[in-house]
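Close look at the chain arrangement
The chain contents come next:
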Amino acid sequence: MSGITGKTQVLGIFGSPVEHSFSPAMHNAAFASLGLDFLYAAFHVRPENLDRAVDSIRVLGMRGVNITIPHKQAVMPWLDSIHPSAQIIGAVNTIVNDDGQLTGYNTDGLGFVRSLREEMGTEVKGLKVAILGSGGAARGVGVELALAGADTIFLFNRNPEKAQELAAVIAGHSQAKSVVLPWTAAGLEQLPRELLLINSTPMGMYPNTDTIPPLVEDYLRNSWLVADLVYNPLETRLLQTAQAKGCQTLSGLGMLLYQGAIAFELWTGCPAPLKVMDAILKKSIEK
Ligand code: NAP
């Protein structure tokens, strides 16, 4: 940090807890590699202090912040404007400060879409997609896929009411068809031959690396692209099983990388140094 100057622009992440975040290492390595005069720190912001923390972005002239658990929804009323897709998703993970005007974005789902394009060469237009889980990550990914032109989004969730809610959001804001299916053999049998299947549940995530979303392994087809939003481990049991069945697979690391890259580009106006960021993320996950 010896390069800090009087002009250094400050960025950070607000969360509670926040110590586990890979973002400071990823962004600081990216700034260093491009010689940009920015620094990025983690700030433990408790829920009762969120409004004052957001105001400090303006008061201290910070360039922006990432927002993580548990503040992604609660932060929205404190901002000056919200990007339309973040508004639909109902959550913000990135704030940009332009001369005291704070704009909220959600780069999670966009990060997934970009990872799909860059890593698999898959275009979203006309795609049929099934999402397992209907929590925050599913909402970001489902809405961005729908806005990018996906044809149909099949939703499976343990609590079907949450899947219905997400289906209504998708139907209300895009041309995509949204279909809630029961998470049963009969539901999974209805999935088409050409499909992007996405696990957005935490099943398979460290330390529960032996777990896999129920029933799915019996219905995997080798024509499917199977993506896991879980990035630790890089190869979940779902992805290993899908590979063994001949499916193409995509790990959650790409989404993590590109959500950060999009935020980096919003703050700095420079293309993100993806190789540097990817290497740091892999090293952090291995640790
Ligand atoms: P969340 O809001 O808590 O949602 C979790 C979802 O998984 C809910 O729909 C929940 O179902 C379902 N679920 C949880 N445990 C389950 C189980 N045992 N059986 C069946 N369903 C279960 O969490 P989130 O923020 O969406 O995150 C989900 C996963 O995505 C996490 O593993 C997270 O690490 C990953 N993620 C990755 C990235 C990335 O950049 N790659 C970004 C964000 C999140 P109910 O509604 O029935 O409770």
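Throughout what follows, the structure given in this document is the object of discussion. (Residues numbered from 1 in each chain as written. Predicted model: local features only at pLDDT ≥ 70, side-chain atom pairs only at ≥ 80, totals over all residues. Heavy atoms only, no water.)

As a further point, take the packing of aromatic side chains. Enumeration according to the criterion identifies five aromatic pairs in this entry. Pairing Phe31 with Phe38 gives two aromatic rings, centres 5.2 Å apart and planes at 25 degrees, and the pair type is stacked. With respect to burial, Phe31 and Phe38 carry one shared label: buried. Here the aromatic rings of Phe31 and Phe264 are separated by 5.4 Å at their centres, their planes lie at 20 degrees, and the arrangement is stacked. With Phe31 in helix H1 (residues 23-34) and Phe264 in helix H9 (residues 253-268), this residue pair connects regions lying 233 residues apart in the sequence. On the basis of relative accessibility, which here comes to 1%, the residue Phe31 falls in the buried class. One aromatic cluster in this structure is built from Phe31, Phe38 and Phe264. (Phe/Tyr/Trp six-rings, centres within 6.5 Å; stacked < 30°, edge-to-face > 60°. Buried < 20%, exposed > 50% of the residue type's maximum accessible area, 1.4 Å probe, protein only. Helix = DSSP H or I, 4+ residues; strand = E, 2+ residues; numbered from the N terminus.)

Turning to its location among the elements, Ser200 is positioned in the loop between strand S10 (196-199) and strand S11 (225-228). Within the local environment of Ser200, its side chain forms a polar contact with the backbone oxygen of Gly133, the two atoms lying 3.4 Å apart. Non-local contacts of Ser200, meaning those with residues more than four positions away in its chain, are made with Ile131, Leu132, Gly133, Ser134, Ala138 and Leu229. (Polar contact = N/O pair within 3.5 Å; in protein donor to acceptor, adjacent residues only side chain to side chain. Contact = heavy atoms within 4.5 Å.)

If you check the shell around the ligand, you find 20 residues, and the closest are Ser134, Ala137, Asn157, Arg158 and Leu229. Ala137 is positioned with one of its backbone polar atoms (N or O) 2.8 Å from an oxygen atom of the ligand. The separation between an oxygen atom of the ligand and a polar main-chain atom of Asn159 is 3.1 Å. Computed on the free molecule, the ligand has an accessible area of 920 Å², of which 74% lies beneath the protein chains in the complex. For the shell around the ligand, the elements supplying multiple residues, two or more each, are helix H5 (136-147) and H9. (Near = heavy atom within 4 Å. Areas by Shrake-Rupley, 256 points an atom, 1.4 Å probe, with all protein chains shown as cover.)

So, about the nonpolar core. Phe112, Leu116, Val129, Leu145, Ile153, Leu196 and Ile198 are the most contacted members of the largest nonpolar core, which has 26 residues in total. Ignoring sequence-local partners within four residues, the contact set of Leu145 consists of Phe112, Val113, Leu116, Val124, Val129, Ala150, Ile153 and Ile198. (Core = buried A, V, L, I, M, F, W, Y, C linked by side-chain atoms within 4.5 Å.)

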